[in-house]
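# Fold and contact review
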Amino acid sequence: MEKSLIQQVGEATFPVTKPQTASGRVPDFSGVLDFYLNWHEVEGHSPATISAFRQHISAFFNDVAAPLEQVGTIQIVQHLHTLKARGLSPFTVRSRFRHLSAFFNWAATWELIERDPMKKLKQPTVPRIRKPFMTDDDFARLLAVCPEHTFLGSRDRAMLLVTATAGLRVSELVSLQLDSVNLQTRMIRVIGKGAKQRTVPLHLEAHRAMLKYFAIRRRRWGHDPSPALWISEEGSALRHNGAKMMMSRLRTRSGVTVKDAWHVLRRTWAAAAVRQ
C-alpha cells in the first residue's frame, strides 16, 4: 500500500517530532489540533477540507470538555447520541464520526494517545436517498438562456457544456487557467482534490462553445485581462461564489428547479459514464 505523506515524512532522515511541551507532555488540545491541521495542509488538502476538520473536532472537544488523553469510547458514543437527540441529520452525525475517526487514528499513530478510542466503532448508517439527476430537458432549458453571441452567454454556455461532458467539480471548473486548455488536442488539464492532476478530453460540442467564448473574449478586450479561463464582465477571475450566482441566475431565467445544479450536473455525467 502506498504510504501517505505523513508516513513518508515520519521515516525521513530530517528531524520530525510529535508536539510536546517543555516537560515532555502532550500540549493542550488546541496545540494538537493546529499540528493536525498543519499536516493536512502539507498533504495538499483543500482549505474547505481543513476547515471541516477544525469545525468538527473543535465542536467535539467543546462538548466533552475533556483532555485528549482522557477521551474514551464512551464519551464519543455519548457525543454522537447527543447530536442525534438534538435533531441533527444522520448525514451530519456520520460526517462528525468520520472526521473524529480520522483525527483519533492520527493521534494514535503519532502516539499522542495510547490507543484509538474509535477503532472498534462502526460508522453510523444513513438512509438511502434517491439523488436527483439533470434531465435532458432541464439542461436544454439552461442552455437556451445562454445566448452564444454575447460574452456572458458564450461563457455560461461553455461552462455548462464543459461540466456536463467532462464531469468537473465546480471548484475544478473555476480553477482552470487559460493554459489548462489545449484547443488543438481538445484536452483539459484539471487540478482536483489533493492537488492531483488529471487530463480529460474536451467534448466536440464543448470545444465549439469554447471557441466561441474565446472569440468573443478576444473581441471584447483585445488582450487577456486575466490568466483565469473564466472571467467576469469586468475581466476578473470568476470564483466559486461567482459560479454559484451564475447558476442561480440561469435557473431563475430558465425555470429549472433542481437545487445544487453544478453538483447534479457532475452526478449526471458520472451516472452516464457508468452506464457506458
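One can find the structure itself at the top, above this paragraph.
The present account deals with the structure reproduced in this document.

## Points about the pairing of strand S2 (residues 187–191)
- Here S2 shows one buried face, formed by Ile188 and Val190, and one open face, formed by Met187, Arg189 and Ile191.
- By the bridge criterion, 2 bridges tie strand S1 (residues 181–182) to S2 in an arrangement that is antiparallel. Each residue of the ladder has a partner; that of Val181, found in S2, is Ile188.
- Hairpin connection from S1 to S2: 4 residues lie between these consecutive antiparallel strands, with Arg186 at a positive phi of about 55°.
- Bridge count between S2 and strand S3 (residues 197–201): 5 bridges; the pairing is antiparallel. The residue bridging Ile188 from the neighbouring strand is Val200, located in S3.

## Quick look at the side chain of Ser254
- Secondary-structure assignment places Ser254 in helix H10 (residues 240–254).
- Look at Ser254 and you get buried, because its relative accessible area is 13%.
- Residues in contact with Ser254, not counting those within four places in the same chain, are Arg141, Leu142 and Val145.

## A closer look at the packing of aromatic side chains
- In the structure shown here, the tally under the stated rule is 18 aromatic pairs.
- Ring centres of Tyr213 and Trp230 lie 5.4 Å apart, and the angle between their planes is 35°; on these two criteria the pair is classed as tilted. In this pair, Tyr213 sits in helix H9 (residues 204–221) while Trp230 sits in the loop between H9 and H10, placing the two residues 17 residues apart along the sequence.
- Members of the aromatic cluster, each reached through a chain of ring pairs, are Phe35, Tyr36, Trp39, Phe53, Phe60, Phe61, Phe103, Phe104, Trp106 and Trp110.
- We note Arg220 situated over the ring of Phe151; from NZ or CZ to the ring centre the distance is 5.0 Å.
- Across the ring face of Trp221, the terminal group of Arg220 is positioned such that the distance to the ring centre comes to 4.9 Å.

## Here we look at the sheet that holds S2
- Strand order in this open sheet of 3 strands is S1-S2-S3, and the pairing throughout is antiparallel. Sheet topology places S1 and S3 at the edges, where each strand pairs with a single neighbour.

## Quick notes on unusual backbone geometry
- Even without a glycine there, the phi angle at Ala65 is positive, about 50°.
- Relative to the helices and strands, Ala65 resides in the loop between helix H3 (47–64) and helix H4 (73–85).
- For Arg186, which is not a glycine, the phi torsion comes out positive at approximately 55°.
- Structurally, Arg186 is set in the loop between S1 and S2.
- With relative accessibility at 33%, the residue Arg186 sits in the partly exposed group.

## Considering the packing of H3 against helix H5 (residues 90–109)
- Contact geometry for H3 and H5: axes closest at 9 Å, N-to-C directions at 90°. Comparing their axes, H5 and H3 come out roughly perpendicular. Across from Ala52, Phe53, His56, Ile57, Ala59, Phe60 and Phe61 in H3, the residues of H5 making contact are Thr92, Ser95, Arg96, His99, Leu100, Ala102, Phe103 and Phe104.
- In the contact of H3 with H5, the residues fall into 10 nonpolar, 4 polar and 1 charged.

Rules behind the numbers
Residues numbered from 1 in each chain as written. Predicted model: local features only at pLDDT ≥ 70, side-chain atom pairs only at ≥ 80, totals over all residues. Heavy atoms only, no water. Buried < 20%, exposed > 50% of the residue type's maximum accessible area, 1.4 Å probe, protein only. Helix = DSSP H or I, 4+ residues; strand = E, 2+ residues; numbered from the N terminus. Pairing = 2+ DSSP bridges. Contact = heavy atoms within 4.5 Å. Phe/Tyr/Trp six-rings, centres within 6.5 Å; stacked < 30°, edge-to-face > 60°. Lys NZ or Arg CZ within 6 Å of the ring centre and 35° of its normal. Axes fitted to C-alpha atoms, helices over the stretch in contact; angles between N-to-C directions. Parallel < 35°, antiparallel > 145°, perpendicular 65-115°, else oblique. Nonpolar A, V, L, I, M, F, W, Y, C, P; charged D, E, K, R; others polar.

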